[in-house]
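Chain and residue survey
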Amino acid sequence: MRSVTYSMGVSLDGYIVGPDGTFDWTVPGDDVFRFWIDEIRDVGVHLLGRRLYETMLYWETADQNASLDDAELEWAALWNPLPKVVFSTTLSAVQGNARLASGGLAEEIERLRAEPGEGDIAIGGATLAAEAAASDLIDEYRTVVYPVLVGGGIPFFPRNERRVDLELVETRTFSSRVVYLRYRVARQV
């Protein structure tokens, strides 16, 4: 069965966006950007909330920008053809290789798991991830922790979440002092 993963950059105090609405502290260094490129190769479909979808729209035409370096071109070449499902109550249309979700998150994940396909089902966006976590749909939490305390904002983890036991699967420290932590949900059998 395909795994559902939730992976984003996060401050040390647990936020993906600061109280002022910015996330400029998540600009990746070369080694972290290379990591994101390698990670996206294992994704078969990406589920996004509206805000993250709108942020990532930049990449739909970024490859036309002559100032992009080789790594950015490689990211765009991987990201653009990747199937994306956007969950939004306000958008009526999406661009690129994306479609609007026709049902709820749980039924979309169930349908994707039942379809033949390779790669993880990745979730992006804290609101969407909180909904998936509340329904126990996330198999792995992957945090790229930046050495900054932002003091508030949008949390990576929902604050009213039930207890979830995790198993540490992988860690990595980058030259930019960023730390990657990958945890698998420890389910009782």
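Only a predicted model underlies this, so the values are computations on that prediction, with no experimental measurement involved.

Next up on the list: the overall build of the protein chain. The helix and strand inventory of the protein chain stands at six helices and 10 strands. Computed over C-alpha atoms, the radius of gyration of the protein chain comes to 16 Å, within 12% of the 16 Å expected from 2.2 N^0.38 for 189 residues, which places it in the range of a compact globule. Seen through its C-alpha atoms, the protein chain measures out along the principal axes to roughly 50 × 35 × 30 Å. In the protein chain, which comprises 189 residues, the proportion classed as buried is 43%. Considering only contacts within the protein chain whose residues lie at least 6 apart along the sequence, 71% involve residues at least 24 apart. Accessible area for the protein chain stands at about 10,100 Å²; split by element, carbon and sulfur atoms hold 52% of it. Across the protein chain, the mean location of the 18 positive side-chain charges is 4 Å away from that of the 29 negative side-chain charges.

Scanning all chains against the criterion turns up one cavity of 30 Å³ or more. Empty space within the largest cavity amounts to approximately 40 Å³.

One pass over the full model with this rule turns up 19 salt bridges. The partner of D139 in a salt bridge is R187, and the shortest N-O contact between them spans 2.8 Å. Of this pair, D139 sits in the loop between α6 (126-134) and β7 (140-146) while R187 sits in the segment after β10 (179-185); the two residues are 48 residues apart in sequence, bridging distant segments of the chain. Because the salt bridges share partners, they merge into one network encompassing E39, D120, E140, R142, E170, R172, R182 and R184.

Counted as a void, the largest pocket has a volume near 1,300 Å³. Along its surface, the largest pocket is lined by 49 residues, and M8, F23, L52, T55 and M56 are the ones closest to its centre. Residue composition of the lining of the largest pocket, by class: 25 nonpolar, 15 polar and nine charged.

Definitions and limits used
Residues numbered from 1 in each chain as written. Predicted model: local features only at pLDDT ≥ 70, side-chain atom pairs only at ≥ 80, totals over all residues. Heavy atoms only, no water. Helix = DSSP H or I, 4+ residues; strand = E, 2+ residues; numbered from the N terminus. Rg over C-alpha atoms; globule rule 2.2 N^0.38 Å. Buried < 20%, exposed > 50% of the residue type's maximum accessible area, 1.4 Å probe, protein only. Contact = heavy atoms within 4.5 Å. Areas by Shrake-Rupley, 256 points an atom, 1.4 Å probe, with all protein chains shown as cover. Lys, Arg positive; Asp, Glu negative; His and termini not counted. Charge placed at Lys NZ, Arg CZ, Asp CG, Glu CD. 1 Å grid on protein atoms, 1.4 Å probe; cavity = no way out; pocket = protein on both sides within 12 Å on 5 of 7 lines; lining within 4 Å. Points joined across faces, edges and corners; volume = space filled by probe spheres on them. Salt bridge = Lys/Arg side-chain N within 4 Å of Asp/Glu carboxyl O. Nonpolar A, V, L, I, M, F, W, Y, C, P; charged D, E, K, R; others polar.

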